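Below, each chain spelled out in residue letters.
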Amino acid sequence: MLFRPFRLGTWLKMGLIGLLGGGVATFSSNFNFRAPVFPPHGNMPNDPVAEIQNAIRSVHLADYFHLIVIVIAVLAAVAMVFLYLFCRFRFVLFDSVISGQAEVGRGWSRYAGQANRYFGFWLLYRLVAFAVMVLIVGLPLWHAYQRGAFSGDNSLMNLFETLASVALGAFAAAIILAIISTLTKDFIMPIMALDDLALGDAWSALWRVIASEPGAWFGYMCLKAVCALGAGIALAIGGLIAMIPAFFIIGIPVGLLVFVGITVTKLAGVGGIFFFALAALVAIAGIFCVYLLLIAPVTVFFASYAFYFFGGRYPKLGALLWPQPVNPSPVPQMVGIQPGV
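These numbers were taken from a predicted model, which means no experiment stands behind them. (Residues numbered from 1 in each chain as written. Predicted model: local features only at pLDDT ≥ 70, side-chain atom pairs only at ≥ 80, totals over all residues. Heavy atoms only, no water.)

Asks: Give me unusual backbone geometry: which residues, what numbers.
Replies: Phi is positive for Asp196, close to 55°, though the residue is something other than glycine. Tracing the backbone shows Asp196 in the loop between α7 (167-195) and α8 (199-212). Under the relative-accessibility criterion, Asp196 is labelled partly exposed at 45%. (Helix = DSSP H or I, 4+ residues; strand = E, 2+ residues; numbered from the N terminus. Buried < 20%, exposed > 50% of the residue type's maximum accessible area, 1.4 Å probe, protein only.)

Asks: Tell me about the pattern of salt bridges, and name the residues and values.
Replies: Any two side chains of opposite charge can pair, so long as their charged atoms come close to each other. This model, assessed by the stated rule, comprises seven salt bridges. A salt bridge links Asp186 to Arg90, with the nearest nitrogen and oxygen atoms 3.2 Å apart. One end of the pair, Asp186, is in helix α7; the other, Arg90, is in helix α3 (residues 65-99), with 96 residues separating them in the sequence. For the pair formed by Asp186 and Arg90, the shared burial category is buried. In this structure, Asp195 engages Lys316 in a salt bridge whose closest nitrogen and oxygen atoms are separated by 2.6 Å. (Salt bridge = Lys/Arg side-chain N within 4 Å of Asp/Glu carboxyl O.)

Asks: So what's going on with the environment of Leu256? Residues and values would help.
Replies: Along the chain, Leu256 turns up in helix α9 (residues 214-268). When the C-alpha atoms of Leu256 and Phe275 are compared, they prove to be 9.4 Å apart, with 19 residues separating the residues in sequence.

Asks: Describe a nonpolar patch on the surface, and please don't skip the residues or the numbers.
Replies: Among the surface-exposed residues, Ile70, Val74, Val78, Val81 and Phe82 lie close enough to one another that they form a single nonpolar patch of about 460 Å² accessible area. Within the secondary structure, Phe82 is located in helix α3. (Patch = residues over 30% accessible without salt bridge, like charges linked within 9 Å, V, L, I, M, F, W, Y side chains within 5 Å. Areas by Shrake-Rupley, 256 points an atom, 1.4 Å probe, with all protein chains shown as cover.)

Asks: For the packing of aromatic side chains, give the residues involved together with the corresponding values.
Replies: Per the stated rule, a full pass over the model turns up 29 aromatic pairs. Ring geometry for Trp122 against Tyr125: centres 5.0 Å apart, planes inclined by 80°, an arrangement best described as edge-to-face. Here Trp122 pairs with Tyr125, and both are found in helix α5 (residues 112-146), just three residues apart, close to one helical turn. Trp122 sits in the buried class, given a relative accessible area of 1%. Between Trp217 and Phe309 the ring centres are 5.0 Å apart and the planes differ by 85°, which places this aromatic pair in the edge-to-face class. Within this pair, whereas Trp217 is found in helix α9, its partner Phe309 is found in helix α10 (residues 273-311), the two being separated by 92 residues in sequence. Exposure class is identical for Trp217 and Phe309. Each is buried. Grouped by ring-pair contacts, the aromatic residues Phe86, Phe91, Phe94, Tyr111, Tyr118, Phe121, Trp122, Tyr125, Trp203 and Phe307 constitute a single cluster. (Phe/Tyr/Trp six-rings, centres within 6.5 Å; stacked < 30°, edge-to-face > 60°.)

Quick look at the structure:
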């Protein structure tokens with residue numbers, strides 16, 4: 001799909017589809033079960049560690065409660081927008097990989113009804129996941145807040161200790177939610193796309209397939225975690241390698257714009273701000289394009305891995321992945337011509 005033939009536009013488009021459609025699987029184990037311990041240097045004069053420690057202890061989280069609520073509300077609204085785009089572009093990703101053509105409009109319009117129902121499920125899923133995390137993490141934090149643990153000195157240390165006490169339960173809940181999320185993204189979506197089933201019927205159909213061979217599905221989940229870890233390492237290495245040519249390709253126009261901005265500033269005062277802003281936009285756009293190019297093959301790989309695994313167990317999907325050749329109809333003979341003559 002990406003090399004027949006190689007087109008820069010196809011790579012950029014598939015990177016964008018994968019970015020919005022959740023096509024890049026990542027593996028992370030950044031869970032910290034221990035609260036940070038600061039070294040006992042508090043008695044030393046002008047000790048920078050002691051100054052940082054005192055600054056952290058002087059922060060009273062209760063004074064910023066209303067600001068924290070506003071920030072959370074804004075982030076929730078932005079998350080809703082991206083959740084809707086994720087649901088629409090998940091079907092666009094499916095259509096692009098199955099057809100071998102990176103097209104946004106076709107998948108966007110063809111699966112609009114399914115994507116809207118898909119959005120309803122994900123909205124409910126996020127609410128349930130949020131409720132679970134509130135019970136596991138939020139209630140202990142609220143009880144600590146009521147006890148005044150965040151109002152006095154050392155409030156950040158109390159916060160870290162409270163989080164460490166519930167980290168194991170949060171980790172177990174995150175694993176279960178991740179399994180549900182993976183099954184929904186990789187397998188429920190194709191069933192909805194091809195059979196236009198409701199969510200409940202799609203889950204019932206998928207569960208029957210999983211129950212028939214649980215070992216294969218367990219292997220799929222384990223191998224996907226391994227591949228996600230490998231993809232993360234490959235992206236990190238690829239990013240470092242890609243930054244070398246990108247530094248020159250992006251740096252030359254950015255450097256020219258900065259030079260023009262400095263020149264204009266010296267001649268006309270604040271007139272160079274426009275060129276500085278343009279240089280920043282060019283740099284951001286260039287780095288973003290490099291990132292899209294890096295994640296394009298990862299996007300196609302993980303989507304193909306899921307679809308080809310499921311295609312052997314879902315005949316309608318398998319018919320799209322492995323189309324049977326059409327036997328040509330026999331050519332009628334002309335009147336008067338004998339066979340073999």
